[in-house]
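One-letter residues, chain by chain:
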Number of protein chains: 4
Amino acid sequence: MSERARPAIDLNADLAEGFGRYALEGDIAVMPLVDSANIACGFHAGDPRTIDAAVSAAKRHGVRVGAHPGFPDLVGFGRRMMALGTHEITTDLVYQIGAVDAFCRRHGVRLRHVKPHGALGNLAWQDPSVADAVVAAVASVDPELAVLAISGSALESRARAAGLPVAREAYLDRAYRADGTLVPRAEPGAVLHDEHAIVERALELVRHGTVRAVDGTVLDVGPDTLCLHGDTDMAAPLLSAVRTALESEGVALRAFGDPAD
Amino acid sequence: MSERARPAIDLNADLAEGFGRYALEGDIAVMPLVDSANIACGFHAGDPRTIDAAVSAAKRHGVRVGAHPGFPDLVGFGRRMMALGTHEITTDLVYQIGAVDAFCRRHGVRLRHVKPHGALGNLAWQDPSVADAVVAAVASVDPELAVLAISGSALESRARAAGLPVAREAYLDRAYRADGTLVPRAEPGAVLHDEHAIVERALELVRHGTVRAVDGTVLDVGPDTLCLHGDTDMAAPLLSAVRTALESEGVALRAFGDPAD
Amino acid sequence: MSERARPAIDLNADLAEGFGRYALEGDIAVMPLVDSANIACGFHAGDPRTIDAAVSAAKRHGVRVGAHPGFPDLVGFGRRMMALGTHEITTDLVYQIGAVDAFCRRHGVRLRHVKPHGALGNLAWQDPSVADAVVAAVASVDPELAVLAISGSALESRARAAGLPVAREAYLDRAYRADGTLVPRAEPGAVLHDEHAIVERALELVRHGTVRAVDGTVLDVGPDTLCLHGDTDMAAPLLSAVRTALESEGVALRAFGDPAD
Amino acid sequence: MSERARPAIDLNADLAEGFGRYALEGDIAVMPLVDSANIACGFHAGDPRTIDAAVSAAKRHGVRVGAHPGFPDLVGFGRRMMALGTHEITTDLVYQIGAVDAFCRRHGVRLRHVKPHGALGNLAWQDPSVADAVVAAVASVDPELAVLAISGSALESRARAAGLPVAREAYLDRAYRADGTLVPRAEPGAVLHDEHAIVERALELVRHGTVRAVDGTVLDVGPDTLCLHGDTDMAAPLLSAVRTALESEGVALRAFGDPAD
């Protein structure tokens, strides 16, 4: 099998979402198991020490670094919708991206991508004006930064329209609705925990580019990267299982945008 | 008189120290009156909107932009001593410098310098280990960034030892003690308000490089830049008076490190 | 004219909305001009020093003290909608009410009422489930606390249903829509600045219990208290003008719920 | 053995020190194992939901509730010294005590005591002016509140001088220096982990009122209450072992100040 024909995928996780005295299960431990790490920037989670440690660990493991900015809502972990104006969103993101980028320079790595977190991410997927506000922040800091966006979202299309690199994302551990959006966390079954189901989903996403919605609808999402949440103690074993299954199927695991070896 | 012989000095002020709904007198209004602006980074003051507006105004007026990071103490305005470890100081500064730098990239200007604020500045002037922590942050983000340090301080010597550009700073509106340190704010007479005294001090600093301590001691401080606080409604008239007096004496006002026209 | 027949009204203002180094115009200066003061509790504005000073000033001037809790959004001044759950709202309010109440005990005055701030207030006026969350907080801390609620709002009706004392509020400086809600701040004409118009509105509210909406609709709001915003430099002269006009018409100015002299 | 002669002691722990999405091991789980709970108030840790849940759990288990206020330093968990003025300390504590007290009223229990946290506690033990600032806060909110203070500290003596109830505290899991102060956390051996040593210390403290310093000095501390830190996963098994050992020796475990059954 030639390298050209060999399928490849990126695994990403949201990491470094502790704060001060507080750590989350999984966090840095999953670094060796991902290709791209989305690092919390201090607004919904994260502080200068967690960012520093995460960028350092990413470098050590050859993992690509992205910024994972969120709403300024530490106590709500950025999961509560806030009615910010577009200028507020853009400037909040410029600030957070710049903060993480400085740690990249400190450790001699390159900031690669940006993925909005939680309620901000949900809004940016659905609302073109919020998507534009996110895109404006990314483009104004560095137009070579990629945007991670769920496949088919407003964020994907607005980022493409602005000429930014885009990585289409699919979720391994979140249930999909038939319209391609995620089942909200507050609803039952929103988060998948079953290892077998998650591995099967990963294989289907890489082989066929599709994922099943909760009603059985086959969604064609054609992902560049697969996300699994890094903030639980199940993250490491699940990511290990996914990696093993993909590699045994001959899938190359490497950061999106990276050349084949 | 040849350009070579013409004396030159830089005027700097700490700006953009509002937060959200709150503005401080003077702030952006003094931008046209300074050569270098030290912009609050969000820990002791400042938020993404104030930083954005300040960098934009600096660009418009051709003012050099510096980061003015402080302790994470918004309610205390960064004026209360905090016993942070050196790693905490370094990482807090990397974060803040990066945040402001991203706004510089957004507006197409270059971040030029870093000046620690308030209690952190005082510590960095006096304590070599704190000075080293500040220097480590600056050097790791960008070794071309200059450090603004009060003349004769530990911060000046440690920044020089690390090979960073240094701008020696003298204060126009703060009383000096005979050892070259500032009279603490809590003591009477710590802040000068008299326009005549401030203008005379500016002239003496540029002509002779000296300033008088409260006991009459003549301190040889040889400044590259003169600081006047930007957070009061007196900042604009005082800076105007200083500029007028210096220019009428033939002093060139330009950012430290900038070439003569 | 017997005292029984003499009309009476309460003037209230939202006060002590500074934070740390930051003060707002008007704030404590307007204390002698109101009968009831709504004191910011530290989430959208206010800190332990501003609360302490405000309660002390209220006591000195014989002004009734209320808590003015808001969303946990200091940088947004509590004016941005946040999608909090009802348990989050209730507990956020219990916390804030308790904090202000402790300063009342410290100064030997009684906490009298609670008025939700900004975006939280708007939600509580319109959404019965949010109103219930506010009412639950008030009732669980002290069922003798009154709720300040705009006339005809969900907050008014839910507070009455829970058996809490209610003071119906009308605004002197905010435009009304025909349905009795306020014109949002983002729209032109939302805030009234004209002294004559404000005084006339006050007189109509006391004489007839009515206020004109922007389309001319006469709203029957029957207020117990009239609010004028305390956070601008116009607050003091406007409140003075209103007091003078009301007193010259024989209106008694006293805190709602207080007995006539 | 008559009840009069039966020795009694109180076990206390610092609890509810999570924040938002973050929990600490041990926390609420240790509630059934203590007699008095010191509840974080939101400045160094804790939020309205953690406080609500902790007070509710304390009520359910018949545990006495105290406030555990700290410095306004969430990212540093209140363990970093801050140079606050005494008015700042007093008002910060009034605020925090009031916040927790409101949750006590909500759940129909009585706030019993106050214990300053971390760096603030250390300062209050050593510096009489800080101790006075703490005492002023407690006394001004409710002079029936007890102060928990390490035996022989400035806080103990200043609280007694002010007429406040005092509970003398000894630590089960912290090493003592010969002068009766604790070995700082940064030093090796500062925290005891060995179950046998901790149980032996508890027995000696109850039988003889003494504890051994690291150099062997016997300190006469005569405690009313014994503290074991609640924020690790060892807290529950260690507290269980201590309770079992004390009860098997005939020691009555009950909140300080409570009457014998």
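A brief look at the structure comes next. Note that the structure is a prediction, hence the values are computed from the model and not measured.

Thresholds, definitions, all that
- Residues numbered from 1 in each chain as written.
- Chains lettered and ligands numbered in written order.
- Predicted model: local features only at pLDDT ≥ 70, side-chain atom pairs only at ≥ 80, totals over all residues.
- Heavy atoms only, no water.
- Helix = DSSP H or I, 4+ residues; strand = E, 2+ residues; numbered from the N terminus.
- Rg over C-alpha atoms; globule rule 2.2 N^0.38 Å.
- Buried < 20%, exposed > 50% of the residue type's maximum accessible area, 1.4 Å probe, protein only.
- Contact = heavy atoms within 4.5 Å.
- Areas by Shrake-Rupley, 256 points an atom, 1.4 Å probe, with all protein chains shown as cover.
- Lys, Arg positive; Asp, Glu negative; His and termini not counted.
- Charge placed at Lys NZ, Arg CZ, Asp CG, Glu CD.
- Expected span 1.5 Å × (residues − 1).
- Salt bridge = Lys/Arg side-chain N within 4 Å of Asp/Glu carboxyl O.
- Polar contact = N/O pair within 3.5 Å; in protein donor to acceptor, adjacent residues only side chain to side chain.
- Least-squares fit on C-alpha atoms with pLDDT ≥ 70 in both.
- Phe/Tyr/Trp six-rings, centres within 6.5 Å; stacked < 30°, edge-to-face > 60°.
- Buried area = accessible area lost by both parts, 1.4 Å probe.
- Nonpolar A, V, L, I, M, F, W, Y, C, P; charged D, E, K, R; others polar.
- Patch = residues over 30% accessible without salt bridge, like charges linked within 9 Å, V, L, I, M, F, W, Y side chains within 5 Å.
- Disulfide = S-S within 2.5 Å.

### A look at the overall build of chain A
Scanning chain A from N- to C-terminus turns up 7 helices and 10 strands. Here chain A has a C-alpha radius of gyration of 17 Å; the compact-globule value for 261 residues is 18 Å, and the two agree. Its C-alpha atoms give chain A principal-axis dimensions of about 45 × 40 × 35 Å. A buried classification covers 62% of the 261 residues belonging to chain A. Expressed as a percentage of contacts within chain A between residues at least 6 apart in sequence, the contacts between residues at least 24 apart total 71%. As displayed, chain A has an accessible area near 9,300 Å², and 51% of this comes from carbon and sulfur atoms. Here chain A contributes 25 positively and 35 negatively charged side chains, and the mean placements of these two sets differ by 4 Å.

### Some thoughts on helix α7 (residues 235–248) of chain B
Residue pairs three or four apart in sequence face the same way in an α-helix, which turns once every 3.6 residues. All names here are of chain B. For α7, spanning 14 residues, the distance from its first C-alpha to its last is 20 Å, which sits close to the expected 20 Å at 1.5 Å a residue. Listed as buried for α7 are A235, L238, L239, A241, V242, R243, A245 and L246. On its buried face, α7 is in contact with β1 (8–15), α6 (195–208) and β10 (252–253).

### Some details on the side chain of B:D173
Residues and elements named next belong to chain B. With respect to the helices and strands, the residue D173 is situated in the loop between β6 (166–171) and α6. As a buried residue without a salt bridge, D173 has its nearest oppositely charged side chain in R174, at a separation of 6.1 Å. In terms of polar contacts, D173 uses its side chain to reach the backbone amide nitrogen of H229, at 2.9 Å. When neighbours within four sequence positions are excluded, D173 is seen to be in contact with A190, V191, L192, I198, R201, C227, L228 and H229.

### What about the relation of the copies chain A and chain B?
You can overlay chain A on chain B at an RMSD of 0.0 Å; the transform is a turn of 180 degrees with a shift of 0.0 Å along its axis. Taken together, these values place the two copies in the relation of a two-fold axis.

### Quick word on unusual backbone geometry
Residues and elements named next belong to chain C. Notably, F77 is not glycine yet its phi reads approximately 55 degrees, a positive angle. Mapped onto the secondary structure, F77 falls in the loop between β3 (64–68) and α2 (86–107). On the basis of relative accessible area, F77 is assigned to the buried category, the value being 2%.

### Section: the packing of aromatic side chains
Residues and elements named next belong to chain B. Applying the stated rule across the entire model yields 16 aromatic pairs over all chains. Measuring from ring centre to ring centre gives 6.0 Å for W125 and Y171, while their planes differ by 65 degrees; the resulting arrangement is edge-to-face. One end of the pair, W125, is in helix α3 (residues 118–126); the other, Y171, is in strand β6, and 46 residues separate them in sequence. Grouping residues by exposure puts W125 and Y171 together as buried.

### Things to note about the interface of chain A and chain B
The interface of chain A with chain B comprises 24 residues on the first partner and 24 residues on the second. Taken over both partners, the interface formed by chain A and chain B buries close to 2,100 Å², and the fraction arising from carbon and sulfur atoms is 60%. Our count for the contact surface shared by chain A and chain B stands at 4 salt bridges. A:R105 is paired through a salt bridge with B:D101; the nearest N and O atoms lie 2.5 Å apart. Our enumeration of links across chain A and chain B arrives at 11 residue pairs in polar contact (both at pLDDT 80 or more). Going through the elements one at a time, α1 (48–61), α2 (86–107) and α4 (128–141) of chain A are the ones with two or more residues in the side of chain A that touches chain B. For the side of chain A that touches chain B, the element with the most residues is α2(A), which contributes 14 residues. Its residues assigned to classes, the side of chain A that touches chain B shows 10 nonpolar, 6 polar and 8 charged.

### Let's talk about the relation of the copies chain A and chain C
Mapping chain A onto chain C is achieved by rotating through 180 degrees and translating by 0.0 Å along the same axis, at an RMSD of 0.0 Å. A shared binding surface is used by both copies, with 100% of the interface residues of chain A retained as interface residues in chain C.

### Regarding the interface of chain A and chain C
With 8 residues of chain A at the contact, the number on the chain C side is 8 residues. Together chain A and chain C conceal approximately 740 Å² of surface at their shared face, both sides included; 56% is due to carbon and sulfur atoms. By the criterion of area lost to chain C, the three top residues of chain A are A:R80, A:M81 and A:M82, representing 60% of everything that side buries. Taken together, chain A and chain C are joined by 2 salt bridges. Among the salt bridges present, the one from A:R80 reaches C:E88, with a minimum N-O distance of 3.0 Å. For the interface between chain A and chain C, the tally reads 4 residue pairs in polar contact (both at pLDDT 80 or more). In the side of chain A that touches chain C, the residues fall into 5 nonpolar, no polar and 3 charged.

### Brief notes about a negative patch on the surface
Judged by side-chain charge, A:E25, A:D233, D:E25 and D:D233 come together as a negatively charged surface patch. Locating A:E25 in the fold gives a position in the loop between β1 (8–15) and β2 (36–40). Residue A:E25 is classed as partly exposed on the basis of its relative accessible area of 46%.

### As for the state of the cysteines
All names here are of chain B. With the rule as written, the count across this model stands at 0 disulfides over all chains. C41 provides the cysteine sulfur closest to C104, a residue in no disulfide bond, and the two sulfurs are 9.9 Å apart. Under the relative-accessibility criterion, C104 is labelled buried at 0%.

### A few points about the environment of C:Q126
All names here are of chain C. Mapped onto the secondary structure, Q126 falls in helix α3 (residues 118–126). Under the relative-accessibility criterion, Q126 is labelled exposed at 51%. The sequence separation of Q126 and H61 amounts to 65 residues, and the corresponding C-alpha distance is 34 Å.

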